[in-house]
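Examination of the molecular architecture
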Protein chains: 2
Amino acid sequence: MSPSQRSATAEAAPPAISIRDIGSFHVGGRRVTITGLPARDLYYSDTVATPVPLAVSGDYYVEQMYVQYIALARARARYPLWMIHGGRGTGVSWETTPDSRPGFQMLFLRHGHDVYISDAVERGRASWASPLIWTSEPFFPAAEGTWDIGRIGPPGSYRSEAEARRPYAGSQFPVAAFDAFMKQRVPRWTTNGAATQAAYDLCLQRIGPCVLIAHSTGGPFAIRMALHHPGLVKGLVLIEPAGAPNPASEPARSLRNIPHLYVWGDNRSDEPSMKNTIPLAKTWCAALQDAGTTVDWLDLPAIGITGNSHFIPMDLNNEKVADLIQDWMVRNDMVSGS
Amino acid sequence: MSPSQRSATAEAAPPAISIRDIGSFHVGGRRVTITGLPARDLYYSDTVATPVPLAVSGDYYVEQMYVQYIALARARARYPLWMIHGGRGTGVSWETTPDSRPGFQMLFLRHGHDVYISDAVERGRASWASPLIWTSEPFFPAAEGTWDIGRIGPPGSYRSEAEARRPYAGSQFPVAAFDAFMKQRVPRWTTNGAATQAAYDLCLQRIGPCVLIAHSTGGPFAIRMALHHPGLVKGLVLIEPAGAPNPASEPARSLRNIPHLYVWGDNRSDEPSMKNTIPLAKTWCAALQDAGTTVDWLDLPAIGITGNSHFIPMDLNNEKVADLIQDWMVRNDMVSGS
């Protein structure tokens, strides 16, 4: 959908926003030198007449990450808001929805935040490394597993033909756009956790004090950024974080000045990973609260907001959930009220 | 550099721009079904307690492309401007420079254009496919070859240690940020040309009438979009396009209503691929002009603008080159004068 089509279908065009700057940067990573391999002849496209020698031995840059930012002319938020995607996602997870509604990027710009969006090591514009450097195998997102983990429908209810799929009744996921959603998914490795955390930590130091909003496997990375640099994280919004620290080995007390908001969707009982995710998160939250941390637990179905999938920022009610998160940030002094 | 740092180092902050919408979409691609392979157990991160079964057999979505857009509240340009990156690049090529100055995205937003930026099939946020589906090998950008093809310095003058490198005297490339530039580069295949063209053609139909600005290997894709849908391309800006159609087999006449601007940098004589690139482009331009097409040939060193690399949109004088392109678009009735 082009912007003009989007606004034509909107009930009323929202007001324009005033932007000071838009840009991006890469941060972190390392140089790796490969030696002893011959060059290849390379044609850059089938309209190029002359091959170019391509060095295989040489210097490569790997394990950096990518960040784009949009800075408002007049932010109402006290700190920028940095959005951290989940597994097999990229920053696109915040930029739009599968059915082309505004994503959290646009919704929180309208709420008065400067917004940073990142692609973690391996993902999207962060790039990925040769098997000469990363020797483990990537894996690729198939629709069936994404449907199940995303809790679009009960496990096993995905079918190749869209009309044969059986989503949850009342699902908030834009089910008719599931194929479009799959086009956003990217391969990942499971062996780059340390490199990913290192790049996130460097990026946090570059951005400076900010509020983090993290989804799924982005959650544990965000929590560790806070553990490593508690003075730089002014709030943590964790949307179905896939994992929690163990309070026996991590000092929850160091996060005591960082307000936490946990957000959970619906239909959790069918999904195997949630059986451990929630108790682990509750144990960590108890340790945070023992240390005096403000922790809020937004269980959407428990307050009557039903049908949310694991991909809450893309769900049909994402604007409503964004409003709840904004209200929480206003209450916790991260942004001035409107 | 954070936005606040960027504006602090600018001589005078430019005026804010008023934005109507920001978003993105994926377009094109196809579904591929893999059968007969068993699931893997997968731990999503090392803080996750329970593995999740990962389907390997199943439905995959491949060969789509990614597009992000920024729409002004009040565009002065008659058509959106779509920026098409070169080989081993992504849309980042337009979004910033290696030394964190504004890229063509921001410069042309300020010039009054709605801007689309894409990541082609394979690149960045477009994602890439399993070797079960794409059976050819990708290749990876090494610094040495990028330095040479980019004409940062004479062939062979790259060294691992930055202080030992020997760029061209007076190079406009931000040489001290070459390592940062390498972090933007991504792997590519040479076997996806047809899929890439198909996705570009679909994307053009989705965006509708627009002006294309294409760099390097993006050039031939842009020219073919115009050949396939001449009514949708309202102008073609080709920055060192890596290849040109053969007028004996392609109807230059069908592009007669599309003004063309070619832009060329400096130090071309050392680079082997340029020896054929320029004569092929000149032959195609002659056919365009025979058909009555407006073709302008902006040879930057010939008008006293020296030192530009192959990566002109990132060079130190990118704002000056953007101004020249803007002047050409104004003269050719693509945008109202300021």
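From a predicted model like this one, the values you see are computed outputs, not experimental measurements. (Residues numbered from 1 in each chain as written. Chains lettered and ligands numbered in written order. Predicted model: local features only at pLDDT ≥ 70, side-chain atom pairs only at ≥ 80, totals over all residues. Heavy atoms only, no water.)

We now examine the packing of aromatic side chains. Enumeration according to the criterion identifies 43 aromatic pairs over all chains in this entry. Centre to centre, the rings of A:Trp264 and A:Trp297 are 5.2 Å apart; their planes meet at 35°, and the pair counts as tilted. Remark: A:Trp297 occurs in strand 10 (residues 295-299) and A:Trp264 occurs in strand 9 (residues 260-264); sequence separation between them is 33 residues. Accessibility expressed as a relative area gives 0% for A:Trp264, which makes it buried. Seen in terms of ring centroids, B:Phe104 and B:Phe108 are 5.3 Å apart; in terms of plane orientation they differ by 65°. Their pairing is edge-to-face. Taken as a pair, B:Phe104 and B:Phe108 lie in helix 3 (residues 104-110) at a separation of 4 residues, close to a single helical turn. These aromatic residues form a ring-pair network of at least three members: A:Trp128, A:Trp134, A:Phe140, A:Trp189, B:Trp128, B:Trp134, B:Phe140 and B:Trp189. Directly above the ring of A:Phe25 sits A:Arg206, whose terminal nitrogen or CZ lies 3.9 Å from the centroid. (Phe/Tyr/Trp six-rings, centres within 6.5 Å; stacked < 30°, edge-to-face > 60°. Helix = DSSP H or I, 4+ residues; strand = E, 2+ residues; numbered from the N terminus. Buried < 20%, exposed > 50% of the residue type's maximum accessible area, 1.4 Å probe, protein only. Lys NZ or Arg CZ within 6 Å of the ring centre and 35° of its normal.)

Turning next to helix 8 (residues 274-290) of chain B. Residues and elements named next belong to chain B. Here helix 8 is 17 residues long and its end C-alpha atoms lie 24 Å apart, about the 24 Å a rise of 1.5 Å per residue gives. Considered for burial, the residues of helix 8 that qualify are Met274, Thr277, Ile278, Ala281, Trp284, Cys285, Ala287 and Leu288. On its buried face, helix 8 sits against helix 7 (218-228), strand 9 (260-264) and strand 10 (295-299). Positive backbone phi, at 95°, marks Gly292, one or two positions downstream of helix 8. (Expected span 1.5 Å × (residues − 1). Contact = heavy atoms within 4.5 Å.)

This part is about the nonpolar core. In this structure, A:Trp82, B:Trp82 and B:Tyr262 are the most contacted members of the largest nonpolar core, which totals 106 residues. Beyond its immediate sequence surroundings of up to four residues, B:Trp82 is in contact with B:Met65, B:Tyr116, B:Ser118, B:Tyr200, B:Cys203, B:Leu204, B:Ile207, B:Cys210, B:Val211, B:Leu212, B:Ile213 and B:Met225. A:Ile22, A:Leu261, B:Val321 and B:Ile325 belong to the second largest nonpolar core, which has 68 residues in total. (Core = buried A, V, L, I, M, F, W, Y, C linked by side-chain atoms within 4.5 Å.)

Moving on: the interface of chain B and chain A. Often, the extent of an interface is quoted as the loss of accessible area upon association of its parts. Taken together, the contacts link 99 residues of chain B with 99 residues of chain A. Taken over both partners, the interface formed by chain B and chain A buries close to 8100 Å², and the fraction arising from carbon and sulfur atoms is 54%. Of all residues in chain B, B:Arg125, B:Trp128 and B:Lys183 give up the largest surface area on contact with chain A, accounting jointly for 10% of the area buried on that side. Here chain B is connected to chain A by 8 salt bridges. Linking A:Arg125 and B:Asp119 is a salt bridge whose minimum nitrogen-to-oxygen distance equals 2.8 Å. For the pair chain B and chain A, the interface holds 38 residue pairs in polar contact (both at pLDDT 80 or more). (Buried area = accessible area lost by both parts, 1.4 Å probe. Salt bridge = Lys/Arg side-chain N within 4 Å of Asp/Glu carboxyl O. Polar contact = N/O pair within 3.5 Å; in protein donor to acceptor, adjacent residues only side chain to side chain.)

Below, the discussion takes up the relation of the copies chain B and chain A. Superposing chain B onto chain A takes a rotation of 180° plus a shift of 0.0 Å along the axis, which leaves an RMSD of 0.0 Å. Both copies are brought into coincidence by an operation consistent with a two-fold rotation axis. An overlap of 100% is found between the interface residues of chain B and their copies at the interface of chain A, pointing to a shared contact surface. (Least-squares fit on C-alpha atoms with pLDDT ≥ 70 in both.)

With that out of the way, let us pick up the pattern of salt bridges. Applying the stated rule across the entire model yields 22 salt bridges over all chains. For B:Glu95, the salt bridge goes to A:Arg125, with nearest N and O atoms at 3.6 Å. Placement of the pair is B:Glu95 in helix 2 (residues 92-95) and A:Arg125 in the loop between strand 6 (115-119) and helix 4 (143-149), with the two residues belonging to separate chains. For B:Glu95, a relative accessible area of 0% puts it in the buried group. Judged by its relative accessible area of 0%, A:Arg125 is buried. Its salt-bridge partner being B:Arg101, residue B:Asp99 comes within 2.9 Å of it at the nearest N-O pair. A relative accessible area of 27% means that B:Asp99 is categorised as partly exposed. When salt bridges that share partners are traced, they join A:Arg31, B:Glu161, B:Arg165 and B:Asp179 into one network.

Looking now at the confidence of the model for chain A. Residue and element names in this part refer to chain A. A residue-level look at chain A finds 95% of positions with pLDDT of 70 or above and a mean pLDDT of 93. Counted against residues more than four places away or in other chains, residues 1-5, with its pLDDT under 50, gives 15 contacts. Among the scores for the predicted complex, ipTM is 0.93 and pTM is 0.94. (pLDDT = per-residue confidence, 0-100.)

Below, the discussion takes up helix 7 of chain B. Given 3.6 residues per turn, any residue in an α-helix points the same way as the ones three and four places further on. Residue and element names in this part refer to chain B. With 9 of its 11 residues buried, helix 7 lies for the most part within the structure. Turning to helix 7, its buried residues are Gly218, Gly219, Pro220, Phe221, Ala222, Ile223, Met225, Ala226 and Leu227. Looking at the buried positions of helix 7, the neighbouring elements they touch are strand 5 (81-84), helix 6 (193-207), strand 7 (210-215), strand 8 (233-239), strand 9 and helix 8.

Moving on to unusual backbone geometry. Unlike most non-glycine residues, A:Ser127 shows phi in positive territory, near 75°. Take A:Ser127: it is sitting in the loop between strand 6 and helix 4. Phi at B:Glu63 is positive, roughly 75°, even though this residue is not glycine. Secondary-structure assignment places B:Glu63 in strand 4 (residues 58-72). The exposure class assigned to B:Glu63 is buried, which follows from its relative accessible area of 14%.

Residues and elements named next belong to chain A. Within the secondary structure, His310 sits in the loop between strand 10 and helix 9 (318-331). Here His310 falls in the buried class, since its relative accessible area comes to 6%. A polar contact of 2.5 Å, which involves the side chain of His310, links it to the side chain of Glu240. Not counting residues up to four positions away in its chain, the partners in contact with His310 are Ile149, Gly150, Arg151, His215, Ser216 and Glu240.

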